Amino acid sequence: MSNKSELLLEKAKKYIPGGVNSPVRAFKAVGGIPPFITSALGSKIYDVDGKEYIDYVGSWGPMIVGHRHPQVIEALQKALTKGLSYGAPTEAEIELARMIVEAVPSIEMVRMVNSGTEATMSAVRLARGYTGRDKIIKFSGCYHGHGDFLLVKAGSGATTLGIPDSKGVPDDFARNTITLPFNNLDAVKRAVKSEALKIAAIILEPVPGNMGVILPQEEFLCGLQELCHETGIVLIFDEVMSGFRVAWGGAQSLYGVIPDMTCLGKVIGGGMPVGAFGGKKEIMENLAPLGPVYQAGTLSGNPLAVTAGLETLKILAQPGTYATLEKSSEYLVKEAKKLAQKTSVKTHINRVGSLFTLFFASQEVIDYDTALKSDTVAFSRYFHLMLKGEIYLAPSQFEANFISLAHSQEDLDKTLEVMAKAFKEL
Ligand SMILES: *Cc1c(COP(=O)(O)O)cnc(C)c1O
């Protein structure tokens, strides 16, 4: 039963490692063949076999206003006629920077880069340059892109020295990374107590989405802020996923906890390759050309990327957008919970705004360890039943799903219908 996607995957594998340009796209966690996509519109994506899916991946977050939004496309078409890249400053960059600074409480100055990975790498370098310290604390299950010192797995003990999560990352890099359990303030306090003056930064996803969605405990976020304030450690919120997603001003505005620095990406590029990092002026002014911390990018602030981001933010800035996202998301998750209760399937759904994960778990999922207890076999079966029903979910138990402004009531109801059938067949 070979279809076009299957043939294309075989062809792709000849030229591209695994046939994909980012690992999770290969469906390794769930098995099967990833549909090759030809186009997208609104809440839908279309594959080479002529199938139409309701899309809950949204390019992993950026497509919050829906695919091919007319306002974004029109602005891009206009930008396209002027030039692709100059490697020189443009006025549109000021406008995007201003919007980001006005929206995100912690950001007084911001620098654009080309990906979330670049944003976190640069933010950590800046925090190190600013503090003159080397070590960083991260949390197990939080993903901050694929920079060497951030690709570190949790050890078993609370302050276990980092072990690289990937071959090719020297132990020496990982040694400066301390990995601790999320939502566990005591573990952070213990780690900081033993070596506060060596720690440059604490970096976290304030709403983790990369081990599946996890709800942060407010005392945890507040406690980190206080601890950093007392010790001169730079608190970095990696809001590459949550920024302009869980709220206009990101998780920091939702929970009222203001970090020293913030990383952005995904939504602020509206589907183009973009990242950004920003924070307090006092810290950002250490960046070249003003200060001694070097960071640069040939295509940073690229006119097309900036245009897509700017138009996406303009659409999001209109009144009622986040209320709409909240309403659709609340409806979908509330009804999904009801469906799950009617069957013997044990699930827990975590949701913050338009981000959600349905865990096949019998207990609450509050951190990486509890997430890992999920039944990934049941998830894979569920995933493929949904895909067969033309619902495109993130192809892993440990990923977030994304609802956009383009998801209609009809889309949500169809999704629930397919879900009800899937639960029965599991
Ligand atoms: C996606 C993501 C990144 C990496 O961004 P890329 O653009 O893929 O490099 C970093 N941090 C978080 C929280 C993310 O969700």
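Just so you know, these numbers come straight off a predicted model, no measurement behind them. (Residues numbered from 1 in each chain as written. Predicted model: local features only at pLDDT ≥ 70, side-chain atom pairs only at ≥ 80, totals over all residues. Heavy atoms only, no water.)

## Concerning the overall build of the protein
To keep it simple, the criterion reads: Working definition: helices are DSSP H or I runs of at least four residues, strands are E runs of at least two. Numbering for both runs from the N terminus. The buried label applies to any residue whose accessible area, calculated with a 1.4 Å probe on protein chains only, is under 20% of its type's maximum; exposed applies above 50%, and partly exposed to all values in between. Here, residues are in contact when the closest pair of their heavy atoms is within 4.5 Å. To measure how exposed things are, a 1.4 Å probe is used in the Shrake-Rupley method; for residues, cover is taken only from the protein chains shown. When charges are counted, Lys and Arg are positive and Asp and Glu negative, with His and the chain ends excluded. For this purpose, a charge sits on NZ of Lys, CZ of Arg, CG of Asp or CD of Glu.
The helix and strand tally for the protein stands at 14 helices and 16 strands. Considering only C-alpha atoms, the protein reaches an extent of 60 × 55 × 45 Å along its principal axes. Scored against the burial criterion, the 426 residues of the protein give a buried share of 54%. Long-range contacts, defined here as pairs at least 24 residues apart, represent 72% of the contacts in the protein between residues at least 6 apart. Summed over its atoms, the accessible surface of the protein is roughly 19000 Å², and 54% of this surface lies on carbon and sulfur atoms. Computed over 43 positive and 45 negative side-chain charges, the inter-centroid distance for the protein is 4 Å.

## Concerning the site of the ligand
Formally: Each residue is tested against the molecule or strand, and it is near if at least one of its non-hydrogen atoms lies within 4 Å. We define a polar contact as two N or O atoms separated by no more than 3.5 Å, with the added condition that, inside protein, one atom must be a possible hydrogen donor and the other a possible acceptor, whereas residues neighbouring each other in sequence contribute only through side-chain atom pairs. Side-chain classes are defined by residue name, with Ala, Val, Leu, Ile, Met, Phe, Trp, Tyr, Cys and Pro counting as nonpolar, Asp, Glu, Lys and Arg as charged, and the others, Gly among them, as polar.
Taken together, S115, G116, T117, Y143, H144, G145, E205, N210, D238, V240, M241 and K266 make up the full set of residues near the ligand. Within the backbone of G116, an N or O atom sits 2.8 Å from an oxygen atom of the ligand. Across the complex, the protein chains shield 82% of the 380 Å² of accessible surface that the ligand would expose by itself. The class makeup of the residues in the shell around the ligand is three nonpolar, six polar and three charged.

## Structural notes on the confidence of the model for the protein
Just so we agree on the cut-off: Confidence scores per residue from the predictor, reported as pLDDT, run from 0 to 100.
Chain-level pLDDT for the protein is 94 on average; 96% of the residues reach the 70-or-more range. Overall, residues 154-161 carries pLDDT values under 50, and its contacts beyond four positions in sequence, including any with other chains, amount to 13 contacts.

## Regarding the sheet that holds strand β4 (residues 109-113)
Threshold: DSSP bridges decide pairing: two strands pair if at least two such bridges lie between them. Orientation is described by axes fitted as lines to C-alpha atoms, over the contacting stretch for helices, and by angles from 0 to 180 degrees between their N-to-C directions.
Read across the sheet, seven strands follow the order β4-β12-β11-β10-β9-β5-β8 without closing on themselves; strand pairing throughout is mixed. The open sheet terminates on both sides in strands that have one partner only, identified here as β4 and β8 (177-180). The mean angle between the axes of side-by-side strands here comes to 20°, regardless of whether they run parallel or antiparallel. In this sheet, strand β12 (residues 275-279) lies alongside β4 in antiparallel orientation, the contact comprising five bridges. Counted as the bridge partner of V110 is G278 from β12. Each of β4 and β11 (261-265) is contacted by helix α3 (residues 91-103), which is oriented at about 125° to β4, the strand it contacts most. Each of β5 (135-139), β8 and β9 (199-204) touches helix α6 (residues 185-195); the most contacted strand, β5, lies at about 170° to it.

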